[in-house]
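A look at the structure
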Amino acid sequence: MPATVAVAFDRSRIVPVLAEGEADRTTHRPVSADDPVRIASISKLVTALGVMRLVDAGKLDLDRDVSHYLGWSLRHPAYPDRSITLRMLLSHQSGLLDGDDLYLIPLGETLQQRLADPRVWDPAHAPGSGWFHYTNLNLPVVASVIEQVTRQRFDVAMRDLVLAPLKLDACFNWGAGCSAGAARRAVVLYRANGAVARDDLRGTFPACPVFTGPDGRCDIWTYTLGSNGALYSPQGGLRIAMRDLARLGQMLARRGNGFLSARAYAELTRPVWRFNGRNGVGENGLADGFFCAYGLALHTIGSGAAGCRDDLFGDGRSRIGHAGDAYGLKSGLWLDPRTGRGLAFFTTAVADDAPTGRSAFFAIEESVVERAGRVPFR
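All chains use their own residue numbering, which begins from 1 and follows the written sequence. Residue-level local features of this predicted model are given only where pLDDT is at least 70; pairs of side-chain atoms are given and counted only at 80 or more, and the full residue set underlies all totals for whole chains, interfaces and linings. Computation of side-chain values covers all heavy atoms of the structure but excludes hydrogens and water.

1. Describing the side chain of Thr85
Numbering of helices and strands runs from the N terminus, with a helix taken as a DSSP run of H or I at least four residues long and a strand as a DSSP run of E at least two residues long. Within the secondary structure layout, Thr85 lies in the loop between helix 2 (67-70) and helix 3 (86-90). Throughout this description, buried means an accessible area under 20% of the type-specific maximum (1.4 Å probe, protein chains only), exposed means over 50%, and partly exposed covers the range between. The class of Thr85 is buried, set by a relative accessible area of 5%. Contacts were defined at the residue level, with two residues in contact if any of their heavy atoms lie within 4.5 Å. Each residue touching Thr85, except ones within four places of it in the same chain, is listed here: Leu62, Asp63, Arg64, Asp65 and Val66.

2. Notes on the nonpolar core
Nonpolar cores were defined as sets of buried Ala, Val, Leu, Ile, Met, Phe, Trp, Tyr and Cys residues, with membership established by side-chain atoms within 4.5 Å. Membership of the largest hydrophobic core comes to 115 residues, with the highest contact counts inside it found for Leu115, Leu268 and Phe346. When residues of this core are assigned to their parent elements, the largest contribution, eight residues, is made by helix 1 (residues 42-56). Setting aside its immediate chain neighbours within four residues, Leu268 contacts Leu45, Ala48, Leu49, Met52, Leu252, Leu260, Gly295, Leu296 and Leu298.

3. Some details on the sheet that holds strand 7 (residues 171-172)
Across the sheet, three strands lie side by side as 5-10-7; this open sheet has antiparallel pairing. Looking at strand neighbours, the two that pair on one side only are strand 5 (37-38) and strand 7, the edges of this open sheet. Strands were regarded as paired on the criterion that DSSP finds at least two bridges between them.

4. Let's talk about the side chain of Asp98
Along the chain, Asp98 falls in the loop between helix 3 and helix 4 (111-114). Positive charges come from Lys and Arg, negative ones from Asp and Glu, while His and the chain ends are left out of the count. For this analysis, a salt bridge means a side-chain nitrogen from Lys or Arg found within 4 Å of a carboxyl oxygen belonging to Asp or Glu. Although Asp98 lies buried, it forms no salt bridge, and the closest oppositely charged side chain, Lys44, sits 7.1 Å away as judged by the N-O distance. Any N or O atom pair separated by 3.5 Å or less is treated as a polar contact, with the protein-specific requirement of one donor-capable and one acceptor-capable atom, and with residues adjacent in sequence counted only for side-chain atom pairs. From its side chain, Asp98 meets the backbone nitrogen of Asn136 in a polar contact 2.9 Å long. Looking at Asp98, its side chain comes within polar contact range of the main-chain nitrogen of Leu137, at 2.9 Å.

5. Observations concerning the pairing of strand 17 (residues 342-347)
Where burial is concerned, most of strand 17 is hidden: six out of the six residues are buried. Every second residue of strand 17 is oriented toward a common face, with Gly342, Ala344 and Phe346 on one face and Leu343, Phe345 and Thr347 on the other, all of them buried. Two strands pair when backbone bridges link them, and strand 1 (residues 4-9) and strand 17 are joined in this way by six bridges, in the antiparallel orientation. Across the sheet, Val5 pairs through a bridge with Phe346, a residue of strand 17. Across six bridges, the pairing between strand 16 (residues 329-335) and strand 17 is antiparallel. Looking at strand 17, one finds that Trp334 is bridged to Leu343.

Rendered as structure tokens:
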């Protein structure tokens, strides 16, 4: 049985509603709501929370040319007169592309070197032109900015800005923020054929937490802050348990009260981009109705707009949050901002060619949501 966990929450309560399968098939350890998992692209939303904390502190401006923070000129080679901002990067309107896996930048290489590769730029769309292309590479740029302004490595900055203030036992790429107990409880990610995909830790932290080059060297102590924000995987590398992810959801359900200013919360959650049938594509390069409204690394679903198939819950209600999809895992953090009720979940060992359901989400995600909704929320 795939490992599946779902935790329901509202503004005052957190209730585990599903916990099925094994976190580790070798030891047959049952999975629980307290076991951290690589949550994939929900990490983008958590990175955005760090940005908004820095905006509140007056250290970042969403609409300033990020070249100012990076210390070198970032320009789209086909549109050199256009500046690129944090708002464009977080809303996937920067003109960047992943170029397959070019968003994975190993230790020893720099972000500036990678962004000199023409394959990571969309030649047909200028930054800020209103064109949306969901792109992982946006987040390493954001992470480099965070490192430059905080003078902390990205994982340390995120611990101090987001994870510790919310009292979460969580971390990016098994870096700063996770306890030794978290490593012992890690969920091993398996592919549909049973092969290990990620995090077979055997109870200890990995010897090297970052992506290395062909020589395998992990001399992280030589790293220059701000030179490679991809190292700690700001786009997908957060390890967090569903109970802790639900706590983060509660903060959003409370409109950021005590964590974000009212203005920062409004900026975070307001859709910057809306699908009109011809102005954007997802990570797969298709306009398949999955992305229809997107803010600052925060996805709005259930829009009901023409051409949209984004109603995961099937009830016509608008929700905010983010989905995750990597290494056989499908995940979600979704909440109704009107009622404050939401769900944090993941399921593993999903085949790459798994079918979608009545919506553009995978059928297995719809099944988890439906089964979680049957459990009384008390």
